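For reference, the chains in residue letters:
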Amino acid sequence: GVPLSPKLAAWYDVDKVKGLYLEGSLAQPLSVPGFPVTLGALAGFSASQGINASDATEIANFSRNTLTHLDLSATGALALGPVTLAPTVHFLILNDDWAKVTKPGVSRDAKAWLGATLTWSKALTGARTTSE
């Protein structure tokens, strides 16, 4: 019920990287008759998972401590009886050099992906008991 449904999440790697990663996001559902859509925006930030300038041999998840990426998304939902099809599309604007890598030797400033989730739900009935 909150406009834009703001969220803040934090992860701290306690083993290999020993660093903090933060995400802030907003999501807003839209009422489209027969096909509700949720628009989202997420920003990732490496707070201490970048390369350590004083010891570059340490393991890191990102090339530096900065805004790593911005993820803009749209997700829908189409109910067909007990089956729901939820297509989603994401457009990522990448800021960190390591986040830009798509395969060895190839980097992009932006990436896009799409997918779909198919779910089926059916109400369960109560267990039958027999009396002797």
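Owing to the predicted nature of the structure, the values given are computational and were not obtained by experimental measurement.

*Asks:* What should I look at first to understand the overall build of the protein in this one?
*Replies:* Helix and strand content of the protein: 0 helices and 9 strands. Secondary structure elements of the protein occur, N-terminal to C-terminal, as β-β-β-β-β-β-β-β-β. In terms of overall dimensions, the protein is more spread out than a globule: its C-alpha atoms have a radius of gyration of 21 Å, far above the 14 Å expected for 132 residues. Dimensions of the protein, computed from the C-alpha atoms along their principal axes, are close to 75 × 45 × 35 Å. By the burial criterion, 22% of the 132 residues in the protein qualify as buried. Restricting the contact set of the protein to residue pairs at least 6 apart, pairs at least 24 apart contribute 43%. Distance from the positive charge centre (10 side chains) to the negative charge centre (10 side chains) of the protein: 9 Å.

*Asks:* Looking at this model, I keep getting lost on the pattern of salt bridges. Mind explaining?
*Replies:* Oppositely charged side chains can pair when the atoms bearing their charge come close. In this structure the tally under the stated criterion is 1 salt bridge. Residue Asp109 is joined to Lys100 by a salt bridge in which the shortest nitrogen-to-oxygen separation is 3.1 Å.

*Asks:* Explain the packing of aromatic side chains here, please?
*Replies:* Two aromatic rings, taken as a pair, are described by how far apart their centres are and by the angle between their planes. Enumeration over the complete set of coordinates arrives at 2 aromatic pairs. Note on Tyr21 and Phe62: the rings are 5.8 Å apart at their centroids and 15 degrees apart in plane angle, and the pair reads as stacked. Residue Tyr21 is found in strand E2 (residues 20-30), and its partner Phe62 is found in the loop between strand E3 (37-46) and strand E4 (67-76); the two are separated by 41 residues along the sequence. Assigned by exposure class, Tyr21 and Phe62 land together as buried. Linked through ring pairs, Trp11, Tyr21 and Phe62 together constitute an aromatic cluster.

*Asks:* For this particular structure, what's the right way to read the pairing of strand E1 (residues 7-12)?
*Replies:* Side-chain positions along a regular strand alternate between the two faces of the sheet. Little of E1 sits inside the fold, with 0 of its 6 residues counted as buried. Of the strand pairs in this sheet, E1 and E2 are connected by 6 bridges, and their pairing is antiparallel. Bridging from a neighbouring strand, Leu8 pairs with Gly24 of E2.

Reading the values: the criteria
- Residues numbered from 1 in each chain as written.
- Predicted model: local features only at pLDDT ≥ 70, side-chain atom pairs only at ≥ 80, totals over all residues.
- Heavy atoms only, no water.
- Helix = DSSP H or I, 4+ residues; strand = E, 2+ residues; numbered from the N terminus.
- Rg over C-alpha atoms; globule rule 2.2 N^0.38 Å.
- Buried < 20%, exposed > 50% of the residue type's maximum accessible area, 1.4 Å probe, protein only.
- Contact = heavy atoms within 4.5 Å.
- Lys, Arg positive; Asp, Glu negative; His and termini not counted.
- Charge placed at Lys NZ, Arg CZ, Asp CG, Glu CD.
- Salt bridge = Lys/Arg side-chain N within 4 Å of Asp/Glu carboxyl O.
- Phe/Tyr/Trp six-rings, centres within 6.5 Å; stacked < 30°, edge-to-face > 60°.
- Pairing = 2+ DSSP bridges.

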